[in-house]
Amino acid sequence: MLDRVNQTLRRVPVWTIYLLGLIPAGLVTWEAIHAIDPVRAIEWGLGLWAVRLLIATLFVTPLRWAGLNLLRFRRQLGLVAFAYVVLHFASWLTIDMGLRWGQILPDLIKRWYIVVGMSAFLMLIPLAVTSNSRSIRRLGAQRWNRLHRLTYPIVILAVLHFMMVGKVYTTEVLIYAAVLAGLLAARAWRNGPRSLIWA
Ligand code: HEM
């Protein structure tokens, strides 16, 4: 059964992920149009899709252990996740903060959840920049793999940022944290706890 699915997936062009990646943007726009507070709807919606897509990239490896091969699509999935982080950050800078730099700069260091979100964002940049075959050749597979292990701390920081935003932990936040904990535990169980550490 899974062999058939894998065979079919091999025929699917990888750019399909970019097309599918437009759907959340459409949903966020739709929600914002109908929201009482459109600014919050855009900022939260983009952040939520960013965290969902980042977690989705972590599912690729365990799904492969289970026999489903989505490896061909991982690069595109990661880049779409990065695009949502960039849009989320841009929405904060523009529609939320109104590009008031006098307020933005202190906020970047004063609010802990911003510091955590910003750290995840900054760590994502080298991964996005090197997510092409030329960079793999230039860095060599081992160094490239090591660099891309940053994905784990990045997703941990992203979920932590999400947990820090609210004053109370909603069921939704706890579900994301539990899914992430499950993914990390699965990796540690399969490849040893050291596989989670970037070294
Ligand atoms: C990997 C990077 C990031 C991810 C995955 C992410 C994700 C999220 C999520 C899921 C939320 C909550 C949405 C909700 O409650 O429905 C959120 C809220 C927010 N994020 Fe991020 N974020 C990231 C980086 C950043 C950065 C770099 C900034 C700004 C420098 C930022 C600023 C905010 C703000 C201002 C809020 C709303 C806080 C409020 O409700 O008052 N985030 N983010």
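Residue positions are given per chain, counting from 1 as you read along its sequence in written order. Local features in this predicted model are restricted to residues of pLDDT 70 or higher, and side-chain atom pairs are both shown and tallied only at a pLDDT of 80 or more, whereas totals for entire chains, interfaces and linings draw on every residue. Derived side-chain values reflect all non-hydrogen atoms in the structure, with water molecules and hydrogen atoms excluded from consideration.

### What about the site of the ligand?
Taken together, 23 residues are adjacent to the ligand, and Trp-44, Gly-47, His-88, Trp-92 and His-161 come closest. One of the side-chain nitrogen or oxygen atoms of Trp-44 is found 2.8 Å away from an oxygen atom of the ligand. Polar contacts, as used here, are pairs of N or O atoms within 3.5 Å; protein pairs need one atom able to donate a hydrogen and one able to accept it. Residues neighboring in sequence count only if both atoms are side-chain atoms. In this structure, a nitrogen atom belonging to the ligand sits 2.8 Å away from a side-chain N or O atom of His-161. For this classification, Asp, Glu, Lys and Arg are treated as charged, while Ala, Val, Leu, Ile, Met, Phe, Trp, Tyr, Cys and Pro are nonpolar and the rest, including Gly, are polar. Residues belonging to the shell around the ligand are distributed by class as follows: 17 nonpolar, four polar and two charged. The criterion for a residue being near a molecule or strand is simple. One of its heavy atoms has to lie within 4 Å of it.

### Quick notes on the nonpolar core
Across soluble globular proteins, you tend to see nonpolar side chains buried next to one another. In this structure, Leu-54, Val-155 and Val-159 are the most contacted members of the largest nonpolar core, which totals 43 residues. The way it works is that DSSP assigns letters per residue, a run of H or I at least four long becomes a helix, a run of E at least two long becomes a strand, and they are numbered from the N terminus. Residue assignment for this core shows that the elements contributing at least two residues are helix H4 (38-65), helix H5 (74-96), helix H7 (112-129), helix H10 (151-165) and helix H11 (171-191). Counting residues per element, this core draws most heavily on H4, at nine residues. Residues contacting Val-159, with those up to four places away along its chain left out, are Val-51, Ile-55, Tyr-176, Ala-177 and Leu-180. What we call a nonpolar core is a set of buried Ala, Val, Leu, Ile, Met, Phe, Trp, Tyr and Cys residues that are connected through their side-chain atoms within 4.5 Å. With a 1.4 Å probe rolled over the protein chains alone, any residue whose accessible area is under 20% of its type maximum counts as buried; one over 50% counts as exposed, and the rest are partly exposed. The contact rule is simple, with two residues in contact once any of their heavy atoms fall within 4.5 Å.

### Observations concerning the side chain of His-148
Here His-148 is to be found in helix H9 (residues 141-148). His-148 gets classed as buried once you look at its relative accessible area, which sits at 15%. A distance of 2.9 Å separates the side chain of His-148 from the side chain of Thr-130, its partner in a polar contact. In this structure His-148 touches Leu-127, Thr-130 and Ser-131, once residues within four positions along its chain are discounted.

### As for the environment of Leu-124
Relative to the helices and strands, Leu-124 resides in helix H7. With a relative accessible area of 8%, Leu-124 lands in the buried category. Once the C-alpha coordinates of Leu-124 and Asp-107 are considered, the two residues, 17 residues apart in sequence, prove to be 20 Å apart. Apart from the residues within four sequence positions on either side, Leu-124 is in contact with Leu-54, Phe-82, Val-85 and Ile-154.

### Observations regarding the coordination of the iron atom of the ligand
Geometry reference: four tetrahedral donors at a metal, ideal angle 109.5 degrees. Six octahedral donors, ideal angles 90 or 180 degrees. Only N, O and S atoms count as donors, using a 2.8 Å limit from the metal and a wider 3.2 Å limit for Na, K and Ca, and since water is excluded some coordination spheres may look unfilled. Protein-derived ligands of the iron atom of the ligand are His-88 (NE2) and His-161 (NE2), with the metal-ligand distances lying across 2.0 Å. Geometry is assigned from donor-metal-donor angles: four donors are tetrahedral when every angle falls between 85 and 135 degrees, four are square planar and six octahedral when opposite donors sit over 155 degrees apart with all other angles between 65 and 115, and any other arrangement is irregular. Its six donor atoms give the iron atom of the ligand angles of 87 to 179° at the centre, a pattern that matches the octahedral case. With His-88 in helix H5 and His-161 in helix H10, this residue pair connects regions lying 73 residues apart in the sequence. You can call His-161 buried: its relative accessible area is 18%.

### Re a positive patch on the surface
The grouping of Arg-134, Arg-137, Arg-138 and Arg-143 at the surface amounts to a positive patch. Relative to the elements of secondary structure, Arg-134 occurs in helix H8 (residues 133-139). Residues form patches when they are more than 30% accessible in relative terms and have no salt bridge. Like charges link within 9 Å. Nonpolar side chains (Val, Leu, Ile, Met, Phe, Trp, Tyr) link within 5 Å. Only the protein chains shown count as cover for residues, and all accessible areas are computed by the Shrake-Rupley method using a 1.4 Å probe. Between Lys or Arg on one side and Asp or Glu on the other, a salt bridge is scored when a side-chain nitrogen of the former is within 4 Å of a carboxyl oxygen of the latter. The convention is simple: Lys and Arg are positive, Asp and Glu are negative, and His and the chain ends are not counted. Each charge is placed at NZ for Lys, CZ for Arg, CG for Asp and CD for Glu.

### Considering a nonpolar patch on the surface
On the surface, a nonpolar cluster with roughly 450 Å² of combined accessible area is contributed by Trp-15, Tyr-18, Leu-19 and Leu-22. Of note, Leu-19 is situated in helix H2 (residues 16-20).

### Structural notes on the packing of H5 against H7
Here the axes come from fitting lines to C-alpha atoms, over the contacting stretch only for helices, and the angles between their N-to-C directions go from 0 to 180 degrees. Direction vectors running N to C along H5 and H7 enclose 140°, while the axes themselves pass 10 Å from each other. Looking at the two axes, H5 sits oblique to H7. Like other packed secondary-structure pairs, H5 and H7 cross with a definite hand, here left-handed. Residues Leu-79, Phe-82, Val-85, Val-86, Phe-89 and Trp-92 of H5 lie in contact with H7, whose contacting residues are Ile-114, Met-118, Phe-121, Leu-124, Ile-125 and Ala-128. Here the residues of the contact of H5 with H7 are counted per class, giving twelve nonpolar, no polar and no charged. The scheme is simple: roughly parallel for angles under 35 degrees, roughly antiparallel for over 145, roughly perpendicular for 65 to 115, oblique for anything else. Each crossing gets its hand from how the near helix is turned against the far one by less than a right angle, where anticlockwise is left-handed and clockwise is right-handed.

### Things to note about the side chain of Thr-61
On the secondary structure map, Thr-61 appears in helix H4. For Thr-61, a relative accessible area of 15% corresponds to the buried category. In terms of polar contacts, Thr-61 uses its side chain to reach the side chain of Arg-74, at 3.1 Å.

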